[in-house]
Amino acid sequence: MRNFSFQNTTKLIFGEGSISKISSEIPHDKRIMLTFGGGSVKQNGVYEQVRAALANHNYMEFWGIEPNPKVETLREAIELGKRKNIDFILAVGGGSVLDGTKLIASAIPYPGDAWQLVLNPFLIQSTVPFADVITLPATGSEMNEGAVISNLDTREKYAFQSAYPQFSILDPSTTFSLPPFQIACGIADSFIHVMEQYLVDKNNSPLMDRWAEGLLLTLIEIAPKIRQNQHDYEQMANFMLSATMALNGFISMGCFSDWATHMIGHELTALTGLTHGETLVIVEPALLRIMKNEKRKKLLQFAERIWNISESDEDKKIALAIEKTEQFYRSLPLKTKLSEHNIGDDVCEEIANRFYKRGIRLGENATINADTVKKILELCK
Ligand code: NZQ
Ligand code: ZN
């Protein structure tokens, strides 16, 4: 086990009706900016609940943070925040609104351009306190420091580290209005967050393994039930908590992580606009097939403990486990091949070229270079 220090400072406030608790969580002397996406919160009653909770607070609203939040949009909010001396931000919506808010919060005190902070988070000097009402279980952004920001101009999409939300409100009933496609992407995203941390041979923590396996098994168990009835409060509550636990640091203490699927997936989104979860289910099965020797020990454990595969031939066992995983993604239902999205060689070439130029190596052992990325993308076709 690696040495580590662990501190996750986000207060989780979970359950139906918990949006009203905002009023006592934010001090009355704060000048608040509320941040929103494209309007889903007006249709599902979340906006009204937030307004009611803040009836005696001083707040302004910023609308229009889009999926895969763009720095171009966020610059407007940052400018407004600086002008109005905003000293608290409340994000209301999905992971994109919250990620965008993380950049706004870090960029308000920063004199330069916000994109510099994405490229080099060490420039962050301080961050305006922020919190959220999360309405889409997927990213884990409600309990981590990460954010992923896109740049329209350069067609880039990068993750950076900002700060933890002060508190996060998770009311599972807010997810009832989600389009089934977003639920499918959210389940896939949560599942693959766990896989990126779990399938690493050099990790030596039976405890972290079993926490990760608990999340994977839970997601496999609830996915068909949610597909049948997304208004089932208990199922959505378990989904919501699983998504949070999948990426809040609790399953990777003392461990290395992979994240290569995510890095390649971000490029696919940047170039084609595919939704985050959609990109992951395309890249991950191919990546596991190519990297199966480096991940052999954990893939065998995964085959046994998650899919109950008792095949004695190790290679067959791994192949079957990856096959079952891909079938699970297809059952969500999501497409797992680039050709199903009419994405061709030009995009694969461009992604490989980007990795050639950056010269960075991905994966838990930094063994995935641009050539490997090319091979993985070949197998995604
Ligand atoms: O914009 P509105 O109108 O609110 O609609 C959104 C959006 O169109 C809608 N939606 C959200 N909650 C809803 C709802 N519609 C009906 N009912 C509700 N309750 O869903 C659409 C997608 O929302 P978005 O926020 O983009 O989805 P998600 O939460 O999956 O976030 C995706 C972004 O997060 C990044 C991704 O790369 C992507 O940019 N990630 C962030 C991570 C993090 N911060 O740690 C880690 C992840 O790996 C991921 O990369
Ligand atoms: Zn993700």
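Residues numbered from 1 in each chain as written. Chains lettered and ligands numbered in written order. Predicted model: local features only at pLDDT ≥ 70, side-chain atom pairs only at ≥ 80, totals over all residues. Heavy atoms only, no water.

Draft legend 1. Structural view of the overall build of the protein chain. Tallying secondary structure elements over the protein chain gives 15 helices and eight strands in all. A principal-axis box enclosing the C-alpha atoms of the protein chain has dimensions of 65 × 45 × 45 Å. Scored against the burial criterion, the 381 residues of the protein chain give a buried share of 57%. Contacts in the protein chain between residues at least 24 apart in sequence constitute 77% of all its contacts with a sequence separation of at least 6. Summed over all atoms, the accessible surface of the protein chain reaches about 15800 Å², with 50% contributed by carbon and sulfur. Charge centroids of the protein chain, computed over 39 positive and 46 negative side chains, lie 2 Å from each other. (Helix = DSSP H or I, 4+ residues; strand = E, 2+ residues; numbered from the N terminus. Buried < 20%, exposed > 50% of the residue type's maximum accessible area, 1.4 Å probe, protein only. Contact = heavy atoms within 4.5 Å. Areas by Shrake-Rupley, 256 points an atom, 1.4 Å probe, with all protein chains shown as cover. Lys, Arg positive; Asp, Glu negative; His and termini not counted. Charge placed at Lys NZ, Arg CZ, Asp CG, Glu CD.)

Draft legend 2. Summary view of the coordination of the zinc ion (ligand 2). Bound to the zinc ion (ligand 2) are the protein donor atoms Asp 189 (OD), His 193 (NE2), His 262 (NE2) and His 276 (NE2), situated 2.0 to 2.2 Å from the metal. Sequence spacing of the donors to the zinc ion (ligand 2): D-x3-H-x68-H-x13-H. Of this pair, His 193 sits in helix 7 (residues 180–198) while His 262 is found in helix 10 (residues 260–272), placing the two residues 69 residues apart along the sequence. His 193 gets classed as buried once you look at its relative accessible area, which sits at 2%. For His 262, a relative accessible area of 7% gives the class buried. (Donors = N, O, S within 2.8 Å, 3.2 Å for Na, K, Ca; no water.)

Draft legend 3. Spotlight on the pairing of strand 6 (residues 146–151). In terms of burial, strand 6 is a largely internal element, six of the six residues being buried. Pairing between strand 6 and strand 7 (residues 156–161): six bridges, direction antiparallel. Each residue of the ladder has a partner; that of Ile 149, found in strand 7, is Tyr 158. Once strand 6 ends, the chain turns through four residues before running back antiparallel as strand 7, passing Arg 155 with a positive phi of about 55°. (Pairing = 2+ DSSP bridges.)

Draft legend 4. Quick peek at the domain arrangement of the protein chain. Split by domain assignment, the protein chain resolves into domain 1 (11–175) and domain 2 (180–379). Look at where the C-alpha atoms of domain 1 and domain 2 centre, and you get two points 27 Å apart. Domain 1 puts 26 residues into the contact, and the matching count from domain 2 is 24 residues. When the buried area of domain 1 at its contact with domain 2 is split by residue, Pro 137, Arg 155 and Lys 157 rank highest and sum to 28% of it. At the boundary of domain 1 and domain 2, one finds zero salt bridges. (Domains from an automatic or database assignment. Buried area = accessible area lost by both parts, 1.4 Å probe. Salt bridge = Lys/Arg side-chain N within 4 Å of Asp/Glu carboxyl O.)

Draft legend 5. Representation of the sheet that holds strand 4 (residues 88–93). The strand order across the open sheet formed by six strands is 1-8-5-4-2-3, and the pairing between neighbours is parallel. Each edge of the open sheet carries a strand with a single partner, namely strand 1 (11–14) and strand 3 (58–62). Mean inter-strand twist for the sheet, computed between neighbouring axes without regard to direction, equals 20°. With four bridges joining them, strand 1 and strand 8 (residues 167–170) adopt parallel strand pairing. By the bridge assignment, Ile 13 is partnered in strand 8 with Ile 169. Across the sheet, helix 5 (residues 95–107) lies against strand 2 (31–36), strand 4 and strand 5 (130–134), angled at about 165° from strand 4, the strand it touches most. (Axes fitted to C-alpha atoms, helices over the stretch in contact; angles between N-to-C directions.)

Draft legend 6. Highlighting the site of ligand 1. Taken together, 33 residues lie near ligand 1, and Ser 40, Gly 95, Ser 96, Lys 157 and Ser 177 sit nearest. In the environment of ligand 1, a nitrogen atom lies 3.1 Å from a nitrogen or oxygen atom belonging to the backbone of Gly 146. A distance of 2.6 Å is found between an oxygen atom of ligand 1 and a side-chain nitrogen or oxygen belonging to Lys 157. When the free accessible area of ligand 1 is taken as 970 Å², the share hidden by the protein chains comes to 89%. (Near = heavy atom within 4 Å. Polar contact = N/O pair within 3.5 Å; in protein donor to acceptor, adjacent residues only side chain to side chain.)

Draft legend 7. Fine view of the environment of Val 194. Looking at the element boundaries, Val 194 is found in helix 7. Each C-alpha atom, one on Val 194 and one on Gly 15, is 24 Å from the other, the two residues being 179 residues apart in sequence. If near-sequence neighbours (up to four positions away) are discounted, Val 194 is found in contact with Ala 212, Leu 215, Leu 216, Ala 246 and Ile 251.

Draft legend 8. Molecular detail of the environment of Thr 127. One can find Thr 127 in the loop between helix 6 (114–119) and strand 5. Linking Thr 127 and Ile 89, residues 38 residues apart in sequence, is a C-alpha distance of 10 Å. Excluding residues that lie within four positions of it along the chain, Thr 127 makes contacts with Ala 105, Ser 106, Pro 109, Ser 162 and Ala 163. Among the polar contacts listed, one links the side chain of Thr 127 to the side chain of Ser 106, at a separation of 3.1 Å.

Draft legend 9. Representation of empty space enclosed by the protein. The full count for this structure, using the stated rule, is two cavities of 30 Å³ or more. Roughly 50 Å³ of internal volume is contained in the largest cavity. Ile 192, Met 195, Glu 196, Leu 199, Asp 258, Thr 261, Glu 284, Leu 287, Leu 288 and Lys 295 together form the lining of the largest cavity. Broken down by secondary-structure element, the contributors of at least two residues to the lining of the largest cavity are helix 7 and helix 11 (276–290). Of the residues contributing to the lining of the largest cavity, the split by class is five nonpolar, one polar and four charged. By volume, the second largest cavity amounts to about 40 Å³. (1 Å grid on protein atoms, 1.4 Å probe; cavity = no way out; pocket = protein on both sides within 12 Å on 5 of 7 lines; lining within 4 Å. Points joined across faces, edges and corners; volume = space filled by probe spheres on them. Nonpolar A, V, L, I, M, F, W, Y, C, P; charged D, E, K, R; others polar.)

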